[in-house]
Amino acid sequence: MQSLLLEELNSPELARLRAFLGERCQPASLPGTYWLMLPAALQTSAQSAHSASCGPFCLAILLDDITASLKLELLVRPRMTLHCSCFAVVDKKQREFALAFWDSAIAAARGKKHDH
């Protein structure tokens, strides 16, 4: 699986990231896990066709206090099922969306505002 990983975060950075994710993502049932919702305009044709049965679609983000790290999976997950053709590695446009979010998260960790 492809993912982005930011390690060696300090306590203030973890706190700023927790606030940032809390404002921009949906919390998952697992502690420290968040869902970054994929805009409908960025869905692939398979994801759009399955939107009603499998959606919404999202990317998983893990903020881990123990390892002091932030991980963004580059995998589009349907929230309603685990086994479907709409479960896929991000395409180019989805990757650009994920990278823009990642840049904003890094800026937030550093206590800076980012335009994305």
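The preceding data block contains the structure.
As the structure is a prediction and not an experimental result, all values here were calculated from the model. (Residues numbered from 1 in each chain as written. Predicted model: local features only at pLDDT ≥ 70, side-chain atom pairs only at ≥ 80, totals over all residues. Heavy atoms only, no water.)

## Comments concerning the environment of Ala88
Locating Ala88 in the fold gives a position in strand E7 (residues 88-89). For Ala88, a relative accessible area of 26% corresponds to the partly exposed category. It is 9.7 Å that separates the C-alpha atoms of Ala88 and Ala46, two residues lying 42 residues apart in sequence. When sequence neighbours within four positions are dropped, the list of residues in contact with Ala88 reads Leu75 and Val76. (Helix = DSSP H or I, 4+ residues; strand = E, 2+ residues; numbered from the N terminus. Buried < 20%, exposed > 50% of the residue type's maximum accessible area, 1.4 Å probe, protein only. Contact = heavy atoms within 4.5 Å.)

## What about the environment of Leu72?
Within the element layout of this structure, Leu72 appears in strand E5 (residues 69-73). Taking the C-alpha atoms as reference, Leu72 lies 17 Å from Ala15; in sequence the two are 57 residues apart. Among all residues touching Leu72, those that are not within four sequence positions of it are Ser3, Leu4, Leu59, Ala60, Ile61, Ala98 and Trp102.

## Some thoughts on helix H4 (residues 92-109)
Think of an α-helix as turning once every 3.6 residues; residues three or four places apart then point the same way. Helix length check: H4, at 18 residues, gives a terminal C-alpha distance of 25 Å against a target of 26 Å (1.5 Å per residue), a fit within 8%. For H4, the complete set of buried residues consists of Gln94, Ala98, Ala100, Phe101, Trp102, Ser104, Ala105, Ile106, Ala107, Ala108 and Ala109. Between the side-chain oxygen at the start of H4 and the backbone nitrogen of Lys93 there is a gap of 3.2 Å, and the oxygen is on Asp91. At the C-terminal side of H4, Gly111 shows a positive phi close to 80°. (Expected span 1.5 Å × (residues − 1). Polar contact = N/O pair within 3.5 Å; in protein donor to acceptor, adjacent residues only side chain to side chain.)

## Description of the pairing of strand E4 (residues 57-64)
Counting buried residues in E4 gives 6 out of 8 residues, a clear majority hidden from the surface. Of the strand pairs in this sheet, E4 and strand E6 (residues 75-78) are connected by 2 bridges, and their pairing is antiparallel. For Phe57, the partnering residue across the bridge sits in E6 and is Pro78. As judged from the 4 bridges shared by E4 and E5, these two strands associate in the antiparallel manner. (Pairing = 2+ DSSP bridges.)

## Side note on helix H1 (residues 11-24)
An ideal rise of 1.5 Å per residue puts 20 Å on 14 residues; H1 measures up with 20 Å between its terminal C-alpha atoms. Buried-residue contacts for H1 involve strand E3 (33-37), E4, E5 and H4.

## Overview of the pairing of E5
Of all 5 residues that make up E5, 4 are buried, and the element is covered over most of its length. Where strand E1 (residues 3-6) lies against E5, 4 bridges are found, and the strand directions are antiparallel. Within the sheet, the bridge partner assigned to Ser3 lies in E5 and is Glu73. A loop of 4 residues connects E4 with E5, the two strands running antiparallel in sequence, and Ala68 in this loop sits at a positive phi of about 50°.

## Digging into the packing of aromatic side chains
Two measures describe an aromatic ring pair: the distance that separates the ring centres and the angle between the ring planes. Within the structure shown, the criterion is met by 1 aromatic pair. Ring geometry for Phe20 versus Phe101: centroids 5.3 Å apart, planes at 45°, classification tilted. Highlighted residues: Phe20 in helix H1 and Phe101 in helix H4, separated in sequence by 81 residues. With a relative accessible area of 11%, Phe101 lands in the buried category. (Phe/Tyr/Trp six-rings, centres within 6.5 Å; stacked < 30°, edge-to-face > 60°.)

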